[in-house]
Amino acid sequence: MKITEVMGRRAFIARAVAFVGSGVLLLSRDVGAEEALDPATLKSQLCVKTKLEEAFVDDVLDKVDEGLLPRKILIAAYRYALKKSRSQRLIFFKDCLETLSKRAGIKIEFKKF
């Protein structure tokens, strides 16, 4: 009886280590955020509703493509906004972009919506 308990514990520990190890590998890569930067996905995830909001997102992506806004700031703001309420995501995205760009010493004017 004791042997099966030890084997059960060892199997559990092995599975737990494998699970945590695979989770660390999957979470350490930024590919998910990079893939989400295409305009259609970004607009749908941020719940864009009006033409002005669409123009704002397009303007932000243009500034990233031009090199005025670092991609890391865009990814950080996107991830922050996804944690917020679905109806408020775009507002939090805009606020986070403005705050992070100010902290980085980048003076950028974003379109109003």
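Procedures and definitions
- All chains use their own residue numbering, which begins from 1 and follows the written sequence.
- Local features in this predicted model are restricted to residues whose pLDDT is 70 or higher, and side-chain atom pairs enter the listing and the counts only when it is 80 or higher, whereas totals over whole chains, interfaces and linings include all residues.
- The side-chain values count all of the structure's non-hydrogen atoms but skip hydrogen atoms and water molecules.
- Pairing of aromatic side chains requires ring centres within 6.5 Å, counting the rings of Phe and Tyr and the six-membered ring of Trp. Pairs whose planes differ by under 30 degrees are stacked, by over 60 edge-to-face, and all others tilted.
- Only runs of H or I of at least four residues qualify as helices and only runs of E of at least two qualify as strands under DSSP, and these elements are numbered from the N terminus.
- Note on exposure labels: buried denotes an accessible area under 20% of the residue type's maximum, exposed denotes more than 50%, and partly exposed covers the range between, all computed with a 1.4 Å probe on protein chains only.
- The span you would expect from a helix comes to 1.5 Å times its residue count less one.
- The reported arc concerns the directions from the helix axis to the C-beta atoms and nothing else.
- Contacts are assigned to residue pairs that have any heavy atoms within 4.5 Å of one another.
- A side-chain nitrogen of Lys or Arg and a carboxyl oxygen of Asp or Glu constitute a salt bridge if their distance falls within 4 Å.
- When charges are counted, Lys and Arg contribute as positive and Asp and Glu as negative, whereas His and the chain ends are disregarded.
- Side-chain atoms alone can form a polar contact between residues adjacent in sequence; in general such a contact is a pair of N or O atoms within 3.5 Å, and within protein one must be able to donate a hydrogen while the other accepts it.
- Working definition of a nonpolar core: buried Ala, Val, Leu, Ile, Met, Phe, Trp, Tyr and Cys residues. They are joined through side-chain atoms within 4.5 Å.
- Only C-alpha atoms enter the line fits that serve as axes; for helices the fit covers just the stretch in contact. Angles between N-to-C directions range over 0 to 180 degrees.
- Rotating anticlockwise by less than a right angle from the far helix to the near helix defines a left-handed crossing, while the corresponding clockwise rotation defines a right-handed one.
- Charged residues are taken to be Asp, Glu, Lys and Arg, nonpolar residues to be Ala, Val, Leu, Ile, Met, Phe, Trp, Tyr, Cys and Pro, and polar residues to be all remaining types, Gly included.

Asker: How should I be thinking about the packing of aromatic side chains in this particular structure?
Answerer: Aromatic ring pairs: the centre-centre distance and the angle between the two ring planes describe each pair. Per the counting criterion, the structure on display carries four aromatic pairs. Between the aromatic rings of Tyr80 and Phe92, the centroid separation amounts to 6.1 Å while the plane-to-plane angle is 75°, which identifies the pairing as edge-to-face. Residue Tyr80 is found in helix H5 (residues 71-82), and its partner Phe92 is found in helix H6 (residues 89-103); the two are separated by twelve residues along the sequence. The exposure class assigned to Phe92 is partly exposed, which follows from its relative accessible area of 27%.

Asker: When you look at H6 in this model, what are you seeing that I'm missing?
Answerer: Note: α-helices contain 3.6 residues per turn, so residues at a spacing of three or four share the same orientation. Taking 1.5 Å as the rise per residue, H6 with 15 residues should run 21 Å; its terminal C-alpha atoms sit 21 Å apart, in good agreement. Among all positions in H6, only Arg89, Leu90, Phe93, Lys94, Cys96, Leu97 and Ser101 are buried. For H6, the arc enclosing every buried residue in end-on projection is 165°, short of the 170-degree limit, so these residues lie on one face. When the buried face of H6 is taken as reference, the exposed residues oriented beyond 90 degrees from it are Lys102 and Arg103. Those residues of H6 that are buried lie in contact with helix H3 (39-45), helix H4 (51-66) and H5.

Asker: Would you explain the pattern of salt bridges in this entry?
Answerer: Opposite charge on two side chains lets them pair, provided their charged atoms get close. Within the structure shown, the criterion is met by three salt bridges. One salt bridge connects Asp58 with Lys43, and the closest N-O pair in it is separated by 3.0 Å. Highlighted residues: Asp58 in helix H4 and Lys43 in helix H3, separated in sequence by 15 residues.

Asker: Before we go on, may I ask you to explain unusual backbone geometry in this structure?
Answerer: Peptide bonds are, in most cases, trans, and in most cases residues other than glycine have a negative phi. Of note in the backbone geometry, Cys47 takes a positive phi value of approximately 60° without being a glycine. The topology assignment puts Cys47 in the loop between H3 and H4.

Asker: Can you help me understand the side chain of Glu53 in this one?
Answerer: Inspection of the secondary structure puts Glu53 in helix H4. The side chain of Glu53 sits in the buried core without any salt bridge; Lys49 is the nearest counter-charge, 5.7 Å away. Here the side chain of Glu53 touches Lys49 through a polar contact of 2.6 Å, landing on its backbone nitrogen.

Asker: Explain the nonpolar core to me, please; I cannot follow it from the model alone.
Answerer: If you look at soluble globular proteins, the nonpolar side chains tend to sit buried side by side. Judged by nonpolar contacts, the single largest core of 22 residues is most densely connected at Leu46, Phe56, Val60, Leu69, Phe93 and Leu97. For this core, the secondary-structure elements that each account for two or more residues are H4, H5 and H6. Among the elements that make up this core, the one with the highest residue count is H5 (six residues). Those residues in contact with Phe56 that lie beyond four places of it in its chain are Leu90, Phe93, Lys94, Leu97, Phe110, Lys111 and Phe113.

Asker: Please clarify how the packing of H5 against H6 should be interpreted in this entry.
Answerer: The geometry of a pair of packed helices is captured by two quantities: the angle between their axes and the separation between those axes. Interhelical geometry of H5 versus H6 gives an angle of 145° and a closest axis separation of 8 Å. Viewed along their axes, H5 and H6 form a crossing whose handedness is right-handed. Side by side, H5 and H6 meet where Ile73, Leu74, Ala76, Ala77, Tyr78, Tyr80, Ala81 and Leu82 of the first sit next to Arg89, Phe92, Phe93, Cys96, Leu97, Leu100 and Ser101 of the second. For the contact of H5 with H6, a count of residues per class yields 13 nonpolar, one polar and one charged.

Asker: Would you explain the environment of Val48 in this entry?
Answerer: Looking at where Val48 falls in the secondary structure, it is placed in the loop between H3 and H4. Once the C-alpha coordinates of Val48 and Leu90 are considered, the two residues, 42 residues apart in sequence, prove to be 7.0 Å apart. Every residue in contact with Val48, bar those within four places of it in the chain, is listed here: Lys43, Glu53, Glu54, Val57 and Leu90.

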